[in-house]
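Architecture at a glance
One letter stands for each residue in the lines below.
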Amino acid sequence: MTVYAGPPPPPGAAGRPRPRVGWFALGALLVVAAVVVGIVMLVRIFDSGFLSVEATVPADGVAHQVTVDTDGDRYLWEQQHGDAECTLRDADTGGSVTLRPVSGTVTRSVNGDAWQATASFDPGSGRLSVTCSADAGPAQIGPALDVGDFVLRILLAVVVPMMLGGLGLAVLIGTAILWVTRPPRGA
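Residues numbered from 1 in each chain as written. Predicted model: local features only at pLDDT ≥ 70, side-chain atom pairs only at ≥ 80, totals over all residues. Heavy atoms only, no water.

**As for the pattern of salt bridges**
What counts is decided by this rule: Salt bridge, as applied in this entry: a Lys or Arg side-chain nitrogen positioned within 4 Å of an Asp or Glu carboxyl oxygen. What counts as a helix is a DSSP run of H or I of at least four residues, what counts as a strand is a run of E of at least two, and both are numbered from the N terminus. Each residue gets one of three labels from its accessible area relative to the maximum for its type: buried under 20%, exposed over 50%, partly exposed in between, using a 1.4 Å probe on protein chains only.
In the structure shown here, the tally under the stated rule is 5 salt bridges. Across the salt bridge formed by Glu-54 and Arg-74, the nearest N and O atoms sit 2.7 Å from each other. In this pair, Glu-54 sits in the loop between helix H1 (22–46) and strand E1 (55–57) while Arg-74 sits in strand E3 (residues 74–79), placing the two residues 20 residues apart along the sequence. In this structure Glu-54 comes out as partly exposed when scored by relative accessible area, which is 23%. Arg-74 is the partner of Asp-71 in a salt bridge, and the nearest nitrogen-oxygen pair spans 2.5 Å.

**With respect to H1**
Quick note on the threshold: The length a helix should cover is 1.5 Å for every residue beyond the first.
Taking 1.5 Å as the rise per residue, H1 with 25 residues should run 36 Å; its terminal C-alpha atoms sit 37 Å apart, in good agreement. For H1, the complete set of buried residues consists of Gly-27, Leu-30, Ala-34, Gly-38 and Ile-45.

**Some thoughts on the state of the cysteines**
What counts, and what does not: Whenever a pair of cysteine sulfur atoms sits within 2.5 Å, that pair is classed as a disulfide.
Under the definition given, this model contains 1 disulfide. One disulfide bridge connects Cys-86 with Cys-132, the sulfur atoms lying 2.1 Å from each other. Given an S-S torsion of about 100 degrees, the disulfide between Cys-86 and Cys-132 has right-handed geometry. You can see Cys-86 sitting in strand E4 (residues 86–90) and its partner Cys-132 sitting in strand E8 (residues 127–132), a full 46 residues away along the chain. For Cys-86, a relative accessible area of 12% corresponds to the buried category. Taking the relative accessible area as the measure of exposure, Cys-132 reaches 0% and is therefore buried.

**Considerations on the environment of Leu-172**
Note the cut-off: A contact between two residues is defined here by any heavy atoms of the two lying within 4.5 Å.
Structurally, Leu-172 can be placed in helix H2 (residues 147–181). On the accessibility criterion, Leu-172 (24% relative accessible area) is partly exposed. Through-space distance from the C-alpha of Leu-172 to that of Ser-103 is 48 Å; in sequence the pair is 69 residues apart. Discounting residues that sit within four places of it in the chain, Leu-172 has contacts with Phe-24, Gly-27, Ala-28 and Val-31.

**Observations concerning the environment of His-64**
Quick reminder of the rule: Any pair of N or O atoms that falls within 3.5 Å is considered a polar contact. Within protein, one atom must be able to donate a hydrogen and the other to accept it, and sequence-neighbouring residues count only if both atoms are side-chain atoms.
Checked against the element boundaries, His-64 lands in strand E2 (residues 63–67). Sequence-distant contacts of His-64, that is, excluding residues within four places in its chain, are made with Val-57, Pro-58, Leu-128, Ser-129 and Val-130. Within the structure, the side chain of His-64 is placed 3.0 Å from the side chain of Asp-60, a separation counted as a polar contact.

**Here's the deal with the sheet that holds E2**
Threshold: A pair of strands is treated as paired once DSSP finds two or more bridges between them. In this analysis an axis means a line fitted to C-alpha atoms, helices contributing only their contacting stretch, and an angle means the value between N-to-C directions, from 0 to 180 degrees.
Within the open sheet, the 3 strands sit side by side as E2-E8-E4. Their pairing is antiparallel. Each of the sheet's edge strands pairs with one partner strand only, and the pair in question is E2 and E4. Strand-to-strand twist in this sheet, taken as the mean axis angle between neighbours without regard to direction, amounts to 30 degrees. Pairing between E4 and E8: 5 bridges, direction antiparallel. Following the sheet pairing, Thr-87 is matched in E8 by Thr-131.

Honestly, that's just the spatial picture; any functional story needs more than this.
The following block contains the structure:
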């Protein structure tokens, strides 16, 4: 007995072609962007201003007019192991500025001198009259460290480049696998 099997199946369709070279470029660009973004974000952590000095007040018992930014609390710094006795007044209102103790120990080095934050305060109008006792040392005023913001900046400086670099590597690996397993374009 003869069984009719029908016509042979049509030839298989050619597989999808290799990805374009631009996919390799995209993956490489993402990896390079991760490195650049990581460096920029790390530099910005320490360039955010909390190490800057907005005013230096000599220990001479004379009131000095200084202007500071009003974008957040400020630290009153004295030389480490020194003793600055300063009073601050808001030059616009004439009111006394309340100095609050700093929680923990915050130190920094400026031009080879070690300084310690001894008080934090709200800068009010930003125009201050500062008097430091002639019997004590000089003082400096600068932005207070916002620990939450500082930690967030560090986390972002780690996570964002890792995500960009990971995405770039995934694109490179995926494109390489497809390049090897698929037929060339036009074949």
